[in-house]
Amino acid sequence: MSIDTSTRLTRRRFLSRGAMAASALALPYYVPASALGRAARPAPSERIVMGGIGLGGRGSHDLGWMLNEADVKIAVGLEMFRSDSQKELDRWVSGGTSENEFRGIFYDNWNYDWPFYRDIFLYARKNLIPMVGLNVSREITRQVARGGFQSLNDAQKKKLGDVVCQVDQEYMEFIRKAYGGHRHSNMGFLYFCEAQLVWDNAMAVNSIEYLKANPNRVMVILAGTGHVRKQAIPYQIQRRTNIPFGVILPEVPGSIDSDTVDIEDADYIYLDSSKP
C-alpha cells in the first residue's frame, strides 16, 4: 500500500483538521454509560471506532456497549492478538475451540489476565462477530525497543509489510505525554518511540486491509489508550486512507479526564455510571 507523498499529512495538520471538524471544542464529549443507547452511538459514517481499554473489569464493562448494535455489522480489531494468530481467532469465533484451549492461545499472544477480556471474547463468539488480530510479534517490538528499527533484518521488515518507522519530534512529545511513567536514556527513549510507532503502523495497516476486504463492516479497535489516541493509530490510518473514525477513551481520574486529554486526543470520554 503506497502513500501519496504529494499530499502527505503531518501529525500537526491532522490534529488541526480534527479540531476544526469538532467545531473548535476544547474537550472531548463526556458520555455516561446510561446515555449510550442507539441515539448516542458513533455515526454510521465512522467505519472505525477506537476504544481504549481500561484494565480490570472495565475492559468489558466500559466497551461492551459498542458490540451490542444489531443493525450494524461489527468486527473487533484486537491489539492483544497478532495477525499471524488469525486462524486461532476464527476457530474461537466459530466455536471450534474450547475456552480452556483458547485461554492458552490468548496467553501466547498477550500478557494480561484472561478474565479482564473474557466477556468480550464470549460475546463475540456467541454472536459470531469477527475478531481480527492486528498486532505484530513481540519479538519484533522488543528488538526495536532494544536496538531500534535499524536492528531489524530484511526478512523481519518484510513481515511488517507497509510499516514505516520515522519518529519525529511531535511523536516523541506525544509518547512522553501518553507514557509518562516510562524512563529511558535518550537513545533508549528513541527506540521506545520507534517500537510504539511500529505497533501503531502495523495495527493501522492491518485494520485498513480488513476493511478493504470487508467494506460492509465497521471495526471496533480495542487497544491500550496510548495506541488509540488520535496521535497514534488514527494518525497512521489517515496517512493511508480517508476512512472515517471516532476515538473513545475510558475515564481514568487523574490520567484520562478533562485535565489531561482534549479533542486532539479523543472524541469521547466514556463515564462508568456504575461508579459514584
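Residues numbered from 1 in each chain as written. Predicted model: local features only at pLDDT ≥ 70, side-chain atom pairs only at ≥ 80, totals over all residues. Heavy atoms only, no water.

Glancing now at the packing of helix α3 (residues 86–94) against helix α4 (residues 99–109). Put simply, α3 and α4 touch, their axes get as near as 11 Å, and they point 155° apart. It follows from the interaxial angle that α3 and α4 lie roughly antiparallel. Considering only the axes of α3 and α4, their crossing is left-handed. On α4, the residues touching Glu-88, Leu-89 and Trp-92 of α3 are Glu-99, Phe-102 and Ile-105. Residue composition of the contact of α3 with α4, grouped by class: four nonpolar, no polar and two charged. (Axes fitted to C-alpha atoms, helices over the stretch in contact; angles between N-to-C directions. Helix = DSSP H or I, 4+ residues; strand = E, 2+ residues; numbered from the N terminus. Parallel < 35°, antiparallel > 145°, perpendicular 65-115°, else oblique. Left-handed = near helix turned anticlockwise from the far one by under 90°. Contact = heavy atoms within 4.5 Å. Nonpolar A, V, L, I, M, F, W, Y, C, P; charged D, E, K, R; others polar.)

Burial runs high along strand β3 (residues 74–82): nine of the nine residues are buried. Both β3 and strand β5 (residues 218–223) contribute to a ladder of five bridges, which runs parallel. Bridge pairing in β5 places Ala-75 opposite Met-219. Pairing analysis gives four bridges linking β3 to strand β4 (residues 131–135), with the strands arranged parallel. Across the sheet, Gly-77 pairs through a bridge with Val-132, a residue of β4. (Buried < 20%, exposed > 50% of the residue type's maximum accessible area, 1.4 Å probe, protein only. Pairing = 2+ DSSP bridges.)

With that settled, the discussion passes to the pattern of salt bridges. All told, the structure shown has seven salt bridges when counted by the stated rule. The salt bridge involving Arg-103 is made with Glu-99; its shortest N-O contact spans 3.8 Å. Linking Arg-103 with Glu-99, this pair stays in helix α4, spanning four residues, or about one helical turn. Taking relative accessible area as the criterion, Glu-99 reaches 21% and is therefore assigned partly exposed. Salt bridges here are not isolated pairs; linked through shared partners, they connect Arg-82, Asp-84 and Asp-108. (Salt bridge = Lys/Arg side-chain N within 4 Å of Asp/Glu carboxyl O.)

Before going further, it helps to spend a moment on the confidence of the model for the protein chain. Per-residue pLDDT for the protein chain has a mean of 75; in total, 68% of the residues score no lower than 70. Of all helices and strands in the protein chain, the one with the weakest mean pLDDT is helix α1 (residues 11–21) (41), whereas α3 scores best (98). Segment residues 31–45 is flagged for pLDDT under 50; beyond a separation of four residues in sequence, or across chains, it makes 24 contacts in the model. Across residues 54–63 the pLDDT falls below 50, and counting only partners more than four positions away or on other chains, this stretch makes 30 contacts in the model. (pLDDT = per-residue confidence, 0-100.)

Right, let's talk about the packing of α3 against helix α5 (residues 118–126) for a bit. Two numbers describe how α3 lies on α5: the axes approach to 7 Å, and their chain directions differ by 65°. In terms of orientation, α3 and α5 fall into the roughly perpendicular class. Facing α3, whose interface residues are Leu-89, Trp-92 and Val-93, α5 presents Phe-121, Leu-122, Ala-124 and Arg-125. In terms of residue class, the contact of α3 with α5 is built from six nonpolar, no polar and one charged.

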